Amino acid sequence: MRKMQKSFFPGGATPKHGIDTSGGTSAGMSDSERFSLVMVAAGRGERAGEPHNGPKQYRLIGGKPVITWTLSRFLAHPACGGIIVVIHSDDQGLFAKATAGMVGLDRVRSVIGGASRQASVRAGLKALAASPPRHVLIHDAVRPFVTDTVIGGVVKALGTGNQAALPAVAVADTLKRSDSTGTVVDTVSRAGLFGAQTPQGFDYRAILTAHEQAATDADTEFTDDCAIAEWAGIEVRITLGSPLNTKLTTAEDITMADERLFNTLPSETPLPDVRTGNGYDVHKLVPGDHVALCGIEIPHDQRLDGHSDADVALHALTDALLATCGAGDIGDHFPPSDPQWRGAASEIFLAHAAKIVREAGGVIMNADVTLIAEAPKIGPHREAMRENLARMLEIAVDRCSVKATTNETIGFVGRREGIAAIATATVVYRGT
Ligand SMILES: Nc1ccn([C@@H]2O[C@H](COP(=O)(O)OP(=O)(O)OP(=O)(O)O)[C@@H](O)[C@H]2O)c(=O)n1
Ligand SMILES: C[C@](O)(CO)[C@H](O)COP(=O)(O)O
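The model shown is predicted, which means the values in this text are computed figures rather than measured ones. (Residues numbered from 1 in each chain as written. Chains lettered and ligands numbered in written order. Predicted model: local features only at pLDDT ≥ 70, side-chain atom pairs only at ≥ 80, totals over all residues.)

1. So, the sheet that holds strand S18 (residues 400–405)
Phase 1 of the analysis: Here we have 5 strands laid out as an open sheet, ordered S16-S13-S19-S17-S18, and mixed in their pairing. Because the sheet does not close on itself, it has two edges, and the strands there are strand S16 (302–305) and S18. Looking at each pair of strands side by side, their axes are set apart by 25 degrees on average, direction ignored.
Phase 2 of the analysis: Alignment of strand S13 (residues 273–287) against S16, held across 4 bridges, turns out to be antiparallel. Pairing of Lys284 across the sheet is with Asp305, part of S16.
Phase 3 of the analysis: Of the strands in this sheet, S13, S16, strand S17 (362–372) and strand S19 (418–429) are in contact with helix H8 (residues 312–323), which crosses S13 at around 155 degrees. (Pairing = 2+ DSSP bridges. Helix = DSSP H or I, 4+ residues; strand = E, 2+ residues; numbered from the N terminus. Axes fitted to C-alpha atoms, helices over the stretch in contact; angles between N-to-C directions. Contact = placed C-beta atoms within 7 Å.)

2. Quick look at the pairing of S18
Phase 1 of the analysis: Here S18 shows one buried face, formed by Cys400, Val402 and Ala404, and one open face, formed by Ser401, Lys403 and Thr405.
Phase 2 of the analysis: Relative to S18, S17 is paired through 6 bridges, and the arrangement is parallel. Paired with Val369 across the strands is Val402, a residue of S18.
Phase 3 of the analysis: With helix H11 (residues 382–393) bridging S17 and its parallel neighbour S18, the resulting β-α-β unit is right-handed. (Buried ≥ 20, exposed ≤ 12 C-beta atoms within 10 Å, placed from the backbone. Right-handed = clockwise from strand over helix to strand, strands pointing away.)

3. Topic: the packing of H8 against helix H10 (residues 347–359)
For any two helices packed against each other, one specifies the inter-axial angle together with the distance between the axes.
Phase 1 of the analysis: The N-to-C vectors of H8 and H10 enclose an angle of 10 degrees; their axes lie 9 Å apart at closest approach. What the angle tells us is that H8 and H10 run roughly parallel. Along the contact surface, H8 presents Leu314, His315, Leu317, Thr318, Leu321 and Leu322, while H10 presents Glu347, Phe349, Leu350, Ala353, Ala354, Ile356 and Val357. (Parallel < 35°, antiparallel > 145°, perpendicular 65-115°, else oblique.)

4. Structural notes on the site of ligand 1
Phase 1 of the analysis: The local shell around ligand 1 holds 21 residues, among which Val40, Ala42, Gly43, Arg47 and Ser120 are the closest.
Phase 2 of the analysis: Those elements that place two or more of their residues in the shell around ligand 1 are strand S1 (35–41) and helix H3 (117–127).
Phase 3 of the analysis: Taken together, the residues of the shell around ligand 1 sort by class into 7 nonpolar, 8 polar and 6 charged. (Near = placed C-beta within 6 Å. Nonpolar A, V, L, I, M, F, W, Y, C, P; charged D, E, K, R; others polar.)

5. Describing the site of ligand 2
Phase 1 of the analysis: Every residue lining ligand 2 is accounted for by Arg117, Asp140, Ala196, Gln197, Thr198, Thr223, Asp224, Lys247 and Thr249.
Phase 2 of the analysis: Its residues assigned to classes, the shell around ligand 2 shows 1 nonpolar, 4 polar and 4 charged.

6. Some remarks on unusual backbone geometry
It is generally the case that most residues other than glycine have a negative phi and that most peptide bonds are trans.
Phase 1 of the analysis: The linkage connecting Thr198 with the following residue, Pro199, adopts the cis geometry, with an omega of 10 degrees.
Phase 2 of the analysis: Within the element layout of this structure, Pro199 appears in the loop between strand S10 (194–196) and strand S11 (200–203).
Phase 3 of the analysis: Geometrically, the link from Ala375 to Pro376 is a cis peptide bond, its omega value of 0 degrees lying close to zero.
Phase 4 of the analysis: Looking at the secondary structure, you find Pro376 in the loop between S17 and H11.
Phase 5 of the analysis: You will see that Ser308, though not glycine, has its phi angle at about 55 degrees, which is positive.
Phase 6 of the analysis: Here Ser308 shows up in the loop between S16 and H8.
Phase 7 of the analysis: Even without being a glycine, Thr409 presents a positive backbone phi close to 65 degrees.
Phase 8 of the analysis: In this structure, Thr409 sits in the loop between S18 and helix H12 (411–414).
Phase 9 of the analysis: For Thr409, a count of 10 C-beta atoms within 10 Å translates into the label exposed.

In structure tokens, the structure reads:
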């Protein structure tokens, strides 16, 4: 069937200043601004190709089906009442999956569409007939980026007495006409030309009647509902469309939509589960002959006193790792009161924490330790310490960092009464 291509302004008469550019807001919305919605989602998406990927309205963008994004926009709109989603009879499972768990589903009903967009819209409009709304908006499920301002502009135009409202964007590109070989034959004036968007808004009874008449009397297939209103002699008011409100028509549109949503990271988008834990420990210095730090025994005239071998670095790092999966702290797993840990090598604790992390699905990305000590000097042992951490954690050395600082002779560390350590662990968790 021939598709009708009609200017929205016969005679090219409507100037730029004839558009209602005020948009709309939900504040102070009156009853006349409330609307029901018909969302058409029964197409097969032939121009998007790749049939094995399924209809485009169920393709994932930003981690969710296109239709889920679109529906959310209207469910969240304060003036939106009942919603009819027109779906294909083959897509009932896809629709149920795409909408599972959405808030406000009690306001949503699905009906089966037809072979053309026009037939699908008609099915949606008829589904509202038992309880007819005053105003209806008709929207493509494949326009997921519709904004509140665009919806508000349409709603406002209806609320101020217009029978039909069309969000549209003035054509910005120079327009060419070509012959069948792809050779340009003409440059077409773009004056008064607009790209039509959805949601298009109508007086419900007027558009239902127009659709029913068009189905029986018109010899054309209309590509949008305002064209049917024009055909029926209903005046259409242009409101402010948005370049953001794109229709996903081709495979490239879907790819670009996915990138757009990924960049904005909506709350529902699955994000890499990166977790950071920190740990702190301090032990007293008492007379002795060496200290154990990061598992390295450094000759010294003092030793660290306390739990196990009192390796503050490994204790702090053990706590940091446990923190990334909420697994408590070192004392929960190795109570200081338990005699079996007296004098134990702290490597046991770190290895145990790393095992807990891995069993929870974690991949250790980085371990960073800062030692705070006046003496002994850490610098000469730093590389050995890093290698020790890498071995214990079974990760690359460049993912292990050891730093040291003095406490500038102040406080208990400055008076050489103890050594402190702080540690940070970064872990990425899979499948959570
Ligand atoms: N028989 C149809 C055809 C289209 N639509 C819906 O109308 C909107 C706009 O149509 P379009 O982008 O043309 O979608 P498709 O018809 O799916 O695409 P194509 O023309 O490439 O097959 C889409 O939400 C689509 O699902 C519909 O409900 N029923
Ligand atoms: C209704 C519409 O989105 C307005 O731009 C569009 O006409 C429908 O899509 P189609 O690609 O023209 O079928």
